[in-house]
Amino acid sequence: AIPRAAYLFKPWNNDVLSDPRFSLHIEDGRQFLLRSDEKYDVVIVDSTHPKAVDSWILYTVDFYEVARSKLADEGILVQWLPLHGLSENEFKVIVRSFLEAFPTMTLWLNVGVESYGQAAYAKLVGSTAPLKIDYHELALRLGEPRIQKDLAPWGMDSPIEILDLFVADADHLRGFVSKVPPQTDDRPFIPYITEFSNGPRMEASALLPIRSSVMPLLYNMGEDEPTIERDLQRAFEATGFLMADMLPQAAR
């Protein structure tokens, strides 16, 4: 049903199903990776919830290790992680599990305000080598008309807007998750109601204490580095207000 519906959204998905470079496989993604002999530059796990009965298997140390083994040199794994429906401790368990397989991981966050209130989603980014971002190359790619057209409606068509999604690196995350265990295939507990389900609901504000600058990840900024650092600091402060659900202060 999803491929049939995709044709109704051609203006938004660039008619991807008709792209000759595209191959569609409809099956269990984890089993596909297990059987594949390919190495991938990017693996994306999107729009699954770790508490769902058919999705928790994508949030274990075992799965992350399988995915890591299928990455090419300098390849990355990006996993969408919701905040809604999770306690703070359950969220930490997922991050801890990811960190077990990707000891140089980074955490990123989209946060905004909808008509019903704050909306936030995390991205777990794992790589086979420590993540480094070529600022000049990022700016060039975002300047390509097709990419800019896709990202502009969402306010993500500039390097600053992309880099401002960064929350923390592995060093900051280790302390954040040190008091919870990882989840493994043979000991799944996130799909169930457990002691880790107790306590505060996960919200973006819980990540404020571990936020750090993205600057150490960047290189090739040239003579514009002071300006870039100033703009990132301004964006950092505005996003902090958004994470705290303080919209007027963020707008100022």
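These numbers come from a predicted model, not from an experiment.

Asker: Explain the nonpolar core to me, and be specific about the residues and the numbers.
Answerer: Ranked by internal contacts, the top residues of the largest apolar core, which has 45 residues, are Tyr64, Leu77, Leu81, Phe91, Leu109, Leu124 and Leu207. At the level of elements, β1 (40–45), α4 (61–69), β2 (71–82), α5 (88–101), β3 (106–114), β4 (117–127), β6 (166–169) and α9 (170–176) are the ones that each hand at least two residues to this core. The biggest single contributor to this core is α5, with seven residues. Residues in contact with leucine 81, not counting those within four places in the same chain, are Pro50, Tyr59, Leu86, Phe91, Ile94, Val95, Tyr121, Ala122 and Leu124. Grouped together as the second largest cluster of nonpolar side chains are 21 residues, Val78, Trp108, Met156 and Leu165 included.

Asker: Can you explain unusual backbone geometry? Please cite residues and give values.
Answerer: Here aspartate 15, not a glycine, exhibits a phi torsion of approximately 50 degrees, which is positive. On the secondary structure map, aspartate 15 appears in the loop between α2 (10–13) and α3 (29–35). Its identity is not glycine, yet aspartate 245 carries a phi of approximately 60 degrees, on the positive side. With respect to the element layout, aspartate 245 can be found in the loop between α10 (225–243) and α11 (247–251).

Asker: Pulling in residues and values, what's your account of the packing of aromatic side chains?
Answerer: Overall, the coordinates contain seven aromatic pairs when judged by the stated rule. Centre to centre, the rings of tryptophan 80 and tyrosine 121 are 5.5 Å apart; their planes meet at 25 degrees, and the pair counts as stacked. Taken as a pair, tryptophan 80 in strand β2 and tyrosine 121 in strand β4 lie far apart in primary sequence, 41 residues in all. What makes tryptophan 80 buried here is its relative accessible area of 14%.

Asker: Describe the sheet that holds β2, with residues and values.
Answerer: Within a sheet, each strand pairs with its neighbour through backbone hydrogen bonds, oriented either parallel or antiparallel. In spatial order, the strands read β1-β2-β4-β3-β6; together these five strands make up an open sheet with mixed pairing. Each of the sheet's edge strands pairs with one partner strand only, and the pair in question is β1 and β6. Averaged over all adjacent pairs, the angle separating strand axes in this sheet is 20 degrees, with direction ignored. Taken together, the three bridges between β3 and β6 define a ladder with antiparallel strand orientation. The partner of leucine 107 across the bridge, within β6, is alanine 168. Here α10 sits on the sheet and contacts β3 and β4; the angle it forms with β3, its principal contact strand, is near 65 degrees.

Rules used throughout
- Each chain has its residues counted from 1, running along the sequence as written.
- The predicted origin of the model limits local features to residues at a pLDDT of at least 70 and limits the giving and counting of side-chain atom pairs to 80 or more, whereas totals for whole chains, interfaces and linings rest on all residues.
- The side-chain numbers reported here are obtained from all heavy atoms of the structure, hydrogens and water having been left aside.
- What makes a nonpolar core is a set of buried Ala, Val, Leu, Ile, Met, Phe, Trp, Tyr and Cys residues whose side-chain atoms join them at distances within 4.5 Å.
- Burial here depends on accessible area, computed with a 1.4 Å probe over protein chains only, as a share of the maximum for the residue type. Under 20% is buried, over 50% is exposed, and the range in between is partly exposed.
- By the criteria applied, helices consist of DSSP H or I runs no shorter than four residues and strands consist of E runs no shorter than two, each listed in order from the N terminus.
- Residues are treated as being in contact if the distance between any of their heavy atoms lies within 4.5 Å.
- Two aromatic rings from Phe, Tyr or Trp, using only the six-membered ring of Trp, form a pair when their centres are within 6.5 Å; if the ring planes differ by under 30 degrees the pair is stacked, by over 60 it is edge-to-face, and anything between is tilted.
- At least two bridges found by DSSP between two strands is the condition for calling them paired.
- Axes here mean lines fitted to C-alpha atoms, for a helix over just the part in contact, with angles spanning 0 to 180 degrees between N-to-C directions.

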